[in-house]
Amino acid sequence: MDEFALIRQFFRQRAGHGAGVVLGPGDDGAVLAPTPGCELVMSIDTLISGRHFPEDLPAADIGWRSLAVNLSDLAAMGATPRWCLLSLSLPEASADWLEGFCEGFYALADQAGIALVGGDTVRGPLMITVQVTGEVPTGRALLRSGARPGDRICIAGVPGEAAAGLAQWQAGVRDGRLSARFCRPQPQLALGEKLRGVASACIDISDGLLADLGHVLHESRVGADLFLAQLPVSDALSGWGSEEAVQRVQLAGGDDYLLLFTLLPGFNLPRDAVQIGRIRGEAGLSVLGRDGMPLTALPAGWDHFRTP
């Protein structure tokens, strides 16, 4: 199968539809019509086989994940998904692999209401790059830089489940809640839209809770107290490992793609969200253990150039 037959079979015939798409795949570029009164939000991520997902992960899960990690960035900005571009580097043009990849990719695209409007294919090591574009009403984008002293630090979901799921996958356990949380993360798009005008700052947890909270504190020029006893823990996670192991993945495990946000005073917590800390004016991050005492050694999160 040559490059152009591949594009026609798996992408051109199944993409390019949706509101605002004047011209989709098939030309030198897509032609799009943004919604009046909105600003565009764009994000891009590259996933490399063996680095960002296991080499034996099913193609459908790879397709889902490659779009999910980008949609999570839009959720963190409070943006509504509109369009995406896809670049695929493939060792070979396997019809079976591409069919599986497209199954997962388009399943999430349909769920999120985002249209694939173009891309590229090349031969090389398995690597997927997705660029997403969303929209947010002018001046309403959620940022990392708005947290203020007294704001509550909140999360909706159980941090650490995806990292535990990856550990299970690597140990040969390929089913259950934890594995599903790693293989098919669910971008919290509806929550992101609800947080417009409610959250003072927001970020998605991709590199670990502490690392990503640190980005908010740095950009907002504030400090925080985090309460370990208030972190949600599911039965699946608590039964996965020791208390120390669970604590480690909750604080430093990546790939959760949950929204971590600071809530403005006077607003109620969104449904299913819990408070896990509070912003303070003094710089620094203090993590209080379940006994109320500060932890002296904190685990590091994911770093593309340091993490093995």
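Described below are features of the structure shown in this document. Each chain carries its own residue numbering, running from 1 in the written order of its sequence. Local features in this predicted model are restricted to residues whose pLDDT is 70 or higher, and side-chain atom pairs enter the listing and the counts only when it is 80 or higher, whereas totals over whole chains, interfaces and linings include all residues. Computation of side-chain values covers all heavy atoms of the structure but excludes hydrogens and water.

Topic: the overall build of the protein chain
The criterion, for reference: A run of H or I in DSSP becomes a helix once it reaches four residues, and a run of E becomes a strand once it reaches two; helices and strands are each numbered from the N terminus. As defined in this context, the radius of gyration uses C-alpha atoms, and a globule is described by 2.2 Å times the residue total to the power 0.38. A 1.4 Å probe rolled over the protein chains alone gives each residue an accessible area, and that area as a share of the maximum for its type sets the label: buried under 20%, exposed over 50%, partly exposed in between. In what follows, a contact means two residues having at least one pair of non-hydrogen atoms within 4.5 Å. Areas reported as accessible are Shrake-Rupley estimates using a 1.4 Å probe. Residue values count occlusion only from the protein chains shown. Counting rule for charge: Lys and Arg are taken as positive, Asp and Glu as negative, and neither His nor the chain ends is counted. All charge positions are set by atom: Lys at NZ, Arg at CZ, Asp at CG, Glu at CD.
Within the protein chain one finds nine helices and twelve strands. The C-alpha atoms of the protein chain give a radius of gyration of 20 Å, which matches the 19 Å a tight globule of 308 residues would have. For the C-alpha atoms alone, the extent of the protein chain along its principal axes is close to 60 × 50 × 30 Å. Scored against the burial criterion, the 308 residues of the protein chain give a buried share of 50%. Once local pairs closer than 6 in sequence are excluded, the contacts in the protein chain between residues at least 24 apart make up 84%. For the protein chain, the exposed surface amounts to about 14200 Å²; the carbon and sulfur share of it is 52%. When the 24 basic and 35 acidic side-chain charges of the protein chain are each reduced to a single mean position, those positions are 5 Å apart.

Some details on the packing of aromatic side chains
As a reminder of what qualifies: Two rings from Phe, Tyr or Trp (for Trp, the six-membered ring) form a pair when their centres sit within 6.5 Å of each other. Planes less than 30 degrees apart are called stacked, planes more than 60 degrees apart edge-to-face, and all others tilted.
The final tally for this structure, using the stated rule, is three aromatic pairs. Ring geometry for Phe105 against Tyr106: centres 5.7 Å apart, planes inclined by 90 degrees, an arrangement best described as edge-to-face. Take Phe105 and Tyr106: they sit in the same class, and that class is buried. Taken together, the aromatic side chains of Trp97, Phe101, Phe105 and Tyr106 make up a single cluster linked through ring pairs.

Let's talk about the side chain of Ser43
Here Ser43 is to be found in strand β3 (residues 38–48). Relative accessible area serves as the criterion here: at 16%, Ser43 is assigned to the buried category. Not counting chain neighbours up to four residues away, the residues in contact with Ser43 comprise Asn70, Asp73, Val130, Gln131 and Val132.

Examining helix α9 (residues 243–252)
Inspection of α9 places Ala245, Val246, Val249, Gln250, Leu251 and Ala252 among the buried residues, and these make up the whole buried set. For α9, the elements touching its buried residues are α4 (161–170), α7 (209–220), β9 (223–227) and α8 (235–238).

Here we look at the pairing of strand β10 (residues 259–263)
Applied cut-off: The criterion for strand pairing is that DSSP finds at least two bridges linking the strands in question.
With five of five residues buried, β10 lies mostly within the body of the structure. On β10, burial covers both faces: Leu259, Phe261 and Leu263 on one face and Leu260 and Thr262 on the other are all buried. Sheet topology places strand β7 (residues 152–156) next to β10; four bridges connect them, and they run antiparallel. Its bridge partner being in β10, Ile155 is matched across the sheet by Leu260. Sheet topology places strand β8 (residues 199–204) next to β10; five bridges connect them, and they run antiparallel. Paired with Asp204 across the bridge in β10 is Leu259.

Let's talk about the sheet that holds strand β5 (residues 115–123)
We count it as follows: Axes, fitted as lines to C-alpha atoms, cover a helix only where it is in contact. Angles between the N-to-C directions of the axes lie from 0 to 180 degrees.
The sheet built from four strands is open, its strands ordered β3-β6-β4-β5 with mixed pairing. Each edge of the open sheet carries a strand with a single partner, namely β3 and β5. Pairs of neighbouring strands in the sheet enclose a mean axial angle of 15 degrees, with direction left out of account. Relative to β5, strand β4 (residues 80–90) is paired through eight bridges, and the arrangement is parallel. Each bridged residue has a counterpart across the sheet, and for Leu90 the counterpart in β5 is Arg123.

With respect to the pairing of strand β11 (residues 273–280)
Of the pairings in the sheet, the one linking β7 to β11 comprises five bridges and is antiparallel in character. Across the sheet, Ile155 pairs through a bridge with Val274, a residue of β11. In this structure, β9 lies alongside β11, joined through four bridges in antiparallel fashion. Of the residues in β11, the one forming a bridge with Asp225 is Arg278.

Considering the environment of Leu285
Counting through the fold element by element, Leu285 comes out in strand β12 (residues 284–288). Placed 227 residues apart in sequence, Leu285 and Pro58 show a C-alpha to C-alpha distance of 39 Å. In contact with Leu285, other than residues within four places in its own chain, are Leu210, Leu213, Leu217, Ala224, Leu226 and Arg280.

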